Amino acid sequence: MKKRPILRAFLAAALILLPLGSAAQAQFLGRSADDVVQVRLMEGWRIENGRHMAAIQITLAPGWKTYWRAPGEGGIPPRVRLDRAEGVTGMQIHWPRPEVFFANGIRSIGYRDDVILPIEFAVSDSGAIEIDGRIDLGVCEDVCMPVTLDLDGLLPPQGSRDALIAAALSDRPLTRAEAGAGAATCRITPISDGLRVEAQMRVPPVGNDETVVFELPDPGIWISGASMRRDGNTVTATADVVPADAGPFAMNRSDLRITVLGTRMAVELLGCTG
């Protein structure tokens, strides 16, 4: 089940053939990154809490895919970097439900063809806000390459509700209450280089190819792909959690995010009890 961080780095190196660079520089089998992926900022609208709901539309060539926030072995999660955004004090990506892909025995999690990533901006300015930044992406067909694309546009002072952004927001994983799921309980066991977490939770079936993903806020902590089994509505999943120094550490159970993915829906559970 478990691939250590050093193997994960090897898999990433094996999958990614090109150095991170601009769309104009990246080439893949004679195709530029512009042939494979396009991005644009969707301007969105100001929402009731005073923030601004916008989105990034990612359009991929047929057969290509990109990654979710927890991409699986060797994947690259999308990363948005703002170079200029006066009046923006924070931002949060609202991730639509992804798909699970298997290739050459390696599992990855992401999106195919097209995806809209809603972004909620915290703003301190009631006027129009100019956005100038970049997005880093991994894009894959049979092999993968990383690209960096320019991202710019204007967040209008009002704007109008965008049906495409609203649809992407509605396609998020369900909360525990929305899914009628139960709270997760965790058994944590020390291992030589970290911890082993076994979580048990009551979750209704979410479709075919069910997959459980464990996440922690600290990106420096490596988490293996989870093994899982289902007995009726009870799901049991196990994963290894390894910090950067590969030694024992204390994990805050309330920080653990557990997502159960399937072809019909996804369910997200926040925290677990002992």
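Note: the structure precedes this text.
The structure contained in this document is the topic of the report that follows.

Calculation criteria
- Residues numbered from 1 in each chain as written.
- Predicted model: local features only at pLDDT ≥ 70, side-chain atom pairs only at ≥ 80, totals over all residues.
- Heavy atoms only, no water.
- Helix = DSSP H or I, 4+ residues; strand = E, 2+ residues; numbered from the N terminus.
- Buried < 20%, exposed > 50% of the residue type's maximum accessible area, 1.4 Å probe, protein only.
- Contact = heavy atoms within 4.5 Å.
- Areas by Shrake-Rupley, 256 points an atom, 1.4 Å probe, with all protein chains shown as cover.
- Pairing = 2+ DSSP bridges.
- Axes fitted to C-alpha atoms, helices over the stretch in contact; angles between N-to-C directions.
- Disulfide = S-S within 2.5 Å.
- Polar contact = N/O pair within 3.5 Å; in protein donor to acceptor, adjacent residues only side chain to side chain.
- Phe/Tyr/Trp six-rings, centres within 6.5 Å; stacked < 30°, edge-to-face > 60°.
- Lys NZ or Arg CZ within 6 Å of the ring centre and 35° of its normal.
- Core = buried A, V, L, I, M, F, W, Y, C linked by side-chain atoms within 4.5 Å.

## Focus: the overall build of the protein chain
The number of helices and strands found in the protein chain is four helices and 21 strands. Burial status across the protein chain gives 49% buried among its 274 residues. Within the protein chain, contacts between residues separated by at least 24 positions form 71% of all contacts whose residues are at least 6 apart in sequence. In the form shown here, the protein chain has an accessible surface area of approximately 13200 Å², with 49% of it arising from carbon and sulfur atoms.

## Topic: the sheet that holds strand 4 (residues 52-60)
Pairing in this open sheet of four strands is antiparallel, and the strands run 3-4-10-7 from one edge to the other. Of all strands in the sheet, those bounded by a partner on one side alone are strand 3 (37-46) and strand 7 (88-93). Adjacent strand axes in the sheet meet at a mean angle of 25 degrees, parallel and antiparallel pairs treated alike. Of the pairings in the sheet, the one linking strand 4 to strand 10 (residues 114-123) comprises eight bridges and is antiparallel in character. Residue pairing for strand 10: H52 is matched across the bridge by F121. Of the strands in this sheet, strand 3, strand 4 and strand 10 are in contact with helix 3 (residues 163-170), which crosses strand 10 at around 95 degrees.

## Notes on the state of the cysteines
One pass over the full model with this rule turns up two disulfides. In the protein chain, the cysteines engaged in disulfides, taken in order along the sequence, are linked 1-2, 3-4.

## A short note on the sheet that holds strand 19 (residues 257-261)
One open sheet accounts for three strands, arranged 15-19-20; its pairing is antiparallel. On the outer flanks of this sheet lie strand 15 (211-215) and strand 20 (266-270), each paired with one strand and no other. Within the sheet, the average angular offset between the axes of one strand and its neighbour, ignoring direction, is 15 degrees. Note that strand 19 and strand 20 share five bridges and pair antiparallel. Its bridge partner lying in strand 20, V260 is registered against V267.

## Points about the side chain of D136
Following the sequence through the fold, D136 ends up in strand 11 (residues 129-140). Reaching out from D136, the side chain makes a polar contact with the side chain of R81 at a distance of 2.8 Å.

## As for the environment of T148
Along the polypeptide, T148 turns up in strand 12 (residues 144-155). Along the sequence, T148 and D136 sit 12 residues apart, while their C-alpha atoms lie 4.5 Å from each other. Within the local environment of T148, its side chain forms a polar contact with the side chain of D136, the two groups lying 2.8 Å apart.

## Side note on the packing of aromatic side chains
In the structure shown here, the tally under the stated rule is zero aromatic pairs. Positioned above the aromatic ring of F101 is the side chain of K65, whose terminal nitrogen or guanidinium carbon lies 5.3 Å from the ring centre.

## Observations regarding the nonpolar core
If you look at the biggest cluster of nonpolar residues, it comprises 39 residues, and the most contacted ones within it are V37, V39, I56, I58 and L137. Excluding residues that lie within four positions of it along the chain, I58 makes contacts with V37, Q38, V39, D113, D114, V115, L117, I135 and L137. In this structure, L195, V203, M251 and L256 belong to the second largest nonpolar core, which totals 28 residues.

## With respect to the pairing of strand 18 (residues 234-242)
Counting buried residues in strand 18 gives eight out of nine residues, a clear majority hidden from the surface. Bridging between strand 16 (residues 222-223) and strand 18 involves two bridges; their strand directions are antiparallel. Counted as the bridge partner of I223 is V241 from strand 18. Note that strand 17 (residues 227-231) and strand 18 share five bridges and pair antiparallel. By the bridge assignment for strand 18, M228 is matched with A237. Joining the antiparallel neighbours strand 17 and strand 18 is a turn of two residues, in which G232 adopts a positive phi near 70 degrees.

## Topic: unusual backbone geometry
Backbone geometry at D113 places phi at a positive 65 degrees, although glycine is not the residue there. Structurally, D113 is set in the loop between strand 9 (106-112) and strand 10. Even without being glycine, D209 reaches a positive phi, approximately 50 degrees. Within the fold, D209 resides in the loop between strand 14 (194-202) and strand 15.

## A closer look at the pairing of strand 20
Most of strand 20 is tucked away: four of the five residues are buried. Connecting the antiparallel pair strand 19 and strand 20 is a turn made up of four residues.

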